[in-house]
Amino acid sequence: MSSTRERILDAAADILRTRGVVHATTKVIARATGVSEPTLYKYFGDKEQLLLAVLEERVPGPARTPVRPGEGDVESNLAELAHAALDFYRQSIPMLGALLADPERLAAHRTAMSRHGGGPERPLDGFAAYLKAEQDLGRVAAHADPRASAALLLGACFQEAFLRYYAHGPAAEPAPRSRAQALARAVVAPLL
């Protein structure tokens with residue numbers, strides 16, 4: 001049997017996927033879990049902390065991809081990271097999309113995410129750090145700009161995920177690994 005925390009995360013992930021962060025209130029999540037709101041706050045200090053836990057624990061992402069600088073080849077490693085990013089964006093776009101239409105909620109969300117060490121720049125920071133480490137090892141050209149290359153790859157992943165979701169809605173299938181490989185190849189060629 002799963003713990004209360006796990007049940008809260010499962011319910012929150014389901015509600016976030018179907019209603020988005022704007023309509024996924026702690027009251028709705030608590031009711032779906034069968035706990036009181038104070039119990040929910042016992043495990044998660046606020047809604048943003050709960051959202052971060054859902055994103056980190058229920059939506060696979062690049063941060064959980066076991067890629068290490070100096071191991072494997074750079075293109076394959078970037079393809080693994082891109083594949084994880086494609087799936088992360090496919091699942092998180094419907095959760096967070098409505099925030100963009102509400103400037104006040106977006107500002108509050110941005111502040112809370114910053115307070116908890118989260119935010120959409122985290123994958124970019126991780127990809128750039130990976131490429132910089134590869135550059136320091138001599139596996140990426142000295143003239144390359146790791147942050148710009150990371151932004152190009154993540155931007156392509158986000159666009160691909162958005163187009164898939166736009167075309168197919170919640171039934172959108174994950175992008176095939178071959179798509180991640182093609183995106184990584186396009187970014188890697190100028191780096192080597």
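## As for the packing of helix α8 (residues 146–168) against helix α9 (residues 177–188)
Next, step 1: Close contact between α8 and α9 brings their axes to 10 Å; oriented N to C, the two are set at 150°. It follows from the interaxial angle that α8 and α9 lie roughly antiparallel. Our pair here, α8 against α9, has a crossing hand that is right-handed. In this structure, α8 contributes S149, L152, L153, A156, C157 and E160 to the contact, and α9 contributes R179, L183, A184 and V187.
Next, step 2: Classifying every residue of the contact of α8 with α9 gives seven nonpolar, one polar and two charged.

## Here's the deal with the confidence of the model for the protein
Next, step 1: Scored by pLDDT, the protein has a mean of 90; 99% of the residues are at 70 or more.
Next, step 2: Of all helices and strands in the protein, the one with the weakest mean pLDDT is helix α6 (residues 103–115) (84), whereas α8 scores best (95).

## Focus: the pattern of salt bridges
Next, step 1: Applying the stated criterion across every chain, the model contains 15 salt bridges.
Next, step 2: The partner of R185 in a salt bridge is E75, and the shortest N-O contact between them spans 3.2 Å. In this pair, R185 sits in helix α9 while E75 sits in helix α5 (residues 74–96), placing the two residues 110 residues apart along the sequence.
Next, step 3: Residue class for R185 comes out partly exposed when judged on its relative accessible area of 44%.
Next, step 4: Measuring nitrogen to oxygen at the nearest pair gives 2.8 Å for the salt bridge that ties E80 to R177. On the criterion of sequence distance, the pair formed by E80 in helix α5 and R177 in helix α9 is long-range, its members being 97 residues apart.

## With respect to the environment of K47
Next, step 1: The residue K47 is located in helix α4 (residues 47–57) in this model.
Next, step 2: Sequence-wise, K47 and T4 are 43 residues apart; in three dimensions their C-alpha atoms are separated by 16 Å.
Next, step 3: Those residues in contact with K47 that lie beyond four places of it in its chain are V21, V22, A24, T25, T26 and Y41.

The rules behind these values
Residues numbered from 1 in each chain as written. Predicted model: local features only at pLDDT ≥ 70, side-chain atom pairs only at ≥ 80, totals over all residues. Heavy atoms only, no water. Axes fitted to C-alpha atoms, helices over the stretch in contact; angles between N-to-C directions. Helix = DSSP H or I, 4+ residues; strand = E, 2+ residues; numbered from the N terminus. Parallel < 35°, antiparallel > 145°, perpendicular 65-115°, else oblique. Left-handed = near helix turned anticlockwise from the far one by under 90°. Contact = heavy atoms within 4.5 Å. Nonpolar A, V, L, I, M, F, W, Y, C, P; charged D, E, K, R; others polar. pLDDT = per-residue confidence, 0-100. Salt bridge = Lys/Arg side-chain N within 4 Å of Asp/Glu carboxyl O. Buried < 20%, exposed > 50% of the residue type's maximum accessible area, 1.4 Å probe, protein only.

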